[in-house]
Amino acid sequence: MLKSKKPFNAQKLVMILKLASNRLVIHRNKDVELSNVHKKEIAELLEQGKDDQARVRTISLITEDYQTEVLNMLLLYCETVMSRAKVMESQKSCPLDVKEAVCGIIYSAPYLEKQVELLKARKMLLDKYGKKFPEECVECNCVNPKITHRLSNNSPEDNLVNYYLNTIAKKHNVNWESNLPDTQSRDAPELLLPSVPDLIPTLPELPSPPKQLEHPTDASKCQVYGSGLKTGIVGEHCSFIIQAADSLGNLKTTGGDTFNVLIQGQYGDQIYGTVTDNHNGSYTASYIPPRDGGFAIAIYLDRTPVPGGPWVANISSSIFTDASKCEAFGPG
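None of these values were measured; they are calculated from a predicted model. (Residues numbered from 1 in each chain as written. Predicted model: local features only at pLDDT ≥ 70, side-chain atom pairs only at ≥ 80, totals over all residues. Heavy atoms only, no water.)

A closer look at the overall build of the chain
Of the regular secondary structure elements, the chain holds eight helices and 10 strands. Relative to its 332 residues, the chain shows a buried fraction of 44%. Looking at the chain alone, contacts between residues at least 24 apart form 73% of all its contacts between residues at least 6 apart. For the chain, the exposed surface amounts to about 18,700 Å²; the carbon and sulfur share of it is 52%. (Helix = DSSP H or I, 4+ residues; strand = E, 2+ residues; numbered from the N terminus. Buried < 20%, exposed > 50% of the residue type's maximum accessible area, 1.4 Å probe, protein only. Contact = heavy atoms within 4.5 Å. Areas by Shrake-Rupley, 256 points an atom, 1.4 Å probe, with all protein chains shown as cover.)

Okay, here's the thing in structure tokens:
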């Protein structure tokens, strides 16, 4: 018996893309910081006369900058798709005004394996438009050529490498010149694209878990359960349990891990859950929803997502009326 196709859920896609945007911002900001560090290291190599080493490092730097440029483009694509999700839900085929964004997400996600929410969004889009849709994206040239080039394994041109080296040398006051022309290549990354809107703030750096010598906690084996993953009341604590386990599936009996909980509301609300270490291998997570609606919950062991998420909790504005608690009175 054939399984029925799961209907497209615009609300769920929007919440997943909001989580994806947060992770993209973290990734982008980290890459920018690393790029500045690497440029300083390249300048030191040039100052020491180690031109060959500097050139090799520059090729890697350009590849990193290419990826940062793709992350910026994906942030814009996520915003575009989120703004048109309801229209996408009502139409069988992909709207033309959002097709580049959809194709860009579908094409790019497999190259960015750490972007787990983006991969989930890709799966939802493929379920909506069919598994042959990526071929359609390529055939109709709906994937931005800049993305296909930036994600390819092609080595950067010599004049681009030389442009980078000259720019780095000038910025760090290093007296260095190359014999090759320093004309900027058309392939130079454009890293000044608009960033994600203020409603999706940059997440703070998350602490690293303590080092463990044997059987460290494995995010893929952790268990999550509790009513706070499914329902809740506005303004009241919603809680659930995270049970840590090692790579063998054995439940941990000691604490010390760092779990992080991010909750994203369908109207843009963003909450960081509070996680309490019970020192017995379990952790109590809680949050207070500010309004009713759907809230997507993502759980991470340090930076590694716990499988099964995002969980969607339906928050209501008040407790349902309980007939057993009602009272009747009056002259009649």
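Once you've had a look at it, read on.
Comments concerning the nonpolar core
Leu-13, Val-81, Met-88, Val-102 and Ile-105 are the most contacted members of the largest nonpolar core, which totals 41 residues. Looking at this core, the elements that each hand over two or more residues are α1 (10-47), α2 (51-83), α3 (85-90), α4 (96-108), α5 (116-129) and α6 (133-139). Broken down by element, this core gets its largest block of residues, nine residues, from α2. Residue contacts for Val-81: discarding those within four places in its chain leaves Leu-13, Leu-17, Met-88, Val-98, Ala-101, Val-102 and Ile-105. Within the second largest apolar cluster, 23 residues are counted, among which are Ala-219, Ile-242, Ala-244 and Phe-295. (Core = buried A, V, L, I, M, F, W, Y, C linked by side-chain atoms within 4.5 Å.)

Concerning the state of the cysteines
In a disulfide, the sulfur atoms of two cysteines are covalently bonded to one another. Applying the stated criterion across every chain, the model contains one disulfide. Here Cys-103 is linked by a disulfide to Cys-137, with a sulfur-sulfur distance of 2.2 Å. Disulfide Cys-103-Cys-137: the torsion about the S-S bond is -75°, which places it as left-handed. Of this pair, Cys-103 sits in helix α4 while Cys-137 is found in helix α6, placing the two residues 34 residues apart along the sequence. The class of Cys-103 is buried, set by a relative accessible area of 1%. (Disulfide = S-S within 2.5 Å.)

Some details on the sheet that holds strand β3 (residues 238-243)
The strands making up a sheet are joined through hydrogen bonds of the backbone, oriented either antiparallel or parallel. Taking strand neighbours across the sheet as the criterion, the four strands line up as β1-β3-β7-β6 in an open arrangement whose pairing is antiparallel. Strand pairing shows two members of the sheet lacking a second neighbour, β1 (223-225) and β6 (274-277), which therefore form its edges. Strand-to-strand twist across the sheet, computed as the mean angle between neighbouring axes with direction ignored, equals 25°. In this sheet, strand β7 (residues 282-287) lies alongside β6 in antiparallel orientation, the contact comprising four bridges. Each residue of the ladder has a partner; that of Thr-274, found in β7, is Ser-286. (Pairing = 2+ DSSP bridges. Axes fitted to C-alpha atoms, helices over the stretch in contact; angles between N-to-C directions.)

With respect to the environment of Asn-154
Here Asn-154 lies in the loop between α7 (145-150) and α8 (158-171). A distance of 3.4 Å separates polar atoms of two side chains, one belonging to Asn-154 and the other to Ser-152. (Polar contact = N/O pair within 3.5 Å; in protein donor to acceptor, adjacent residues only side chain to side chain.)

What to know about the confidence of the model for the chain
Of the residues in the chain, 83% have a pLDDT of 70 or more, and the chain-wide mean is 82. Mean pLDDT values over the elements of the chain span from 83, in strand β5 (residues 270-272), up to 92, in α5. Note that pLDDT drops below 50 for residues 191-213; the model gives that stretch 47 contacts with residues more than four away or on any other chain. (pLDDT = per-residue confidence, 0-100.)

Thoughts on unusual backbone geometry
The backbone of Asn-173 sits at a positive phi, close to 55°, despite the residue not being glycine. Looking at the secondary structure, you find Asn-173 in the loop between α8 and β1. Unlike most non-glycine residues, His-279 shows phi in positive territory, near 60°. By the element assignment, His-279 lies in the loop between β6 and β7.

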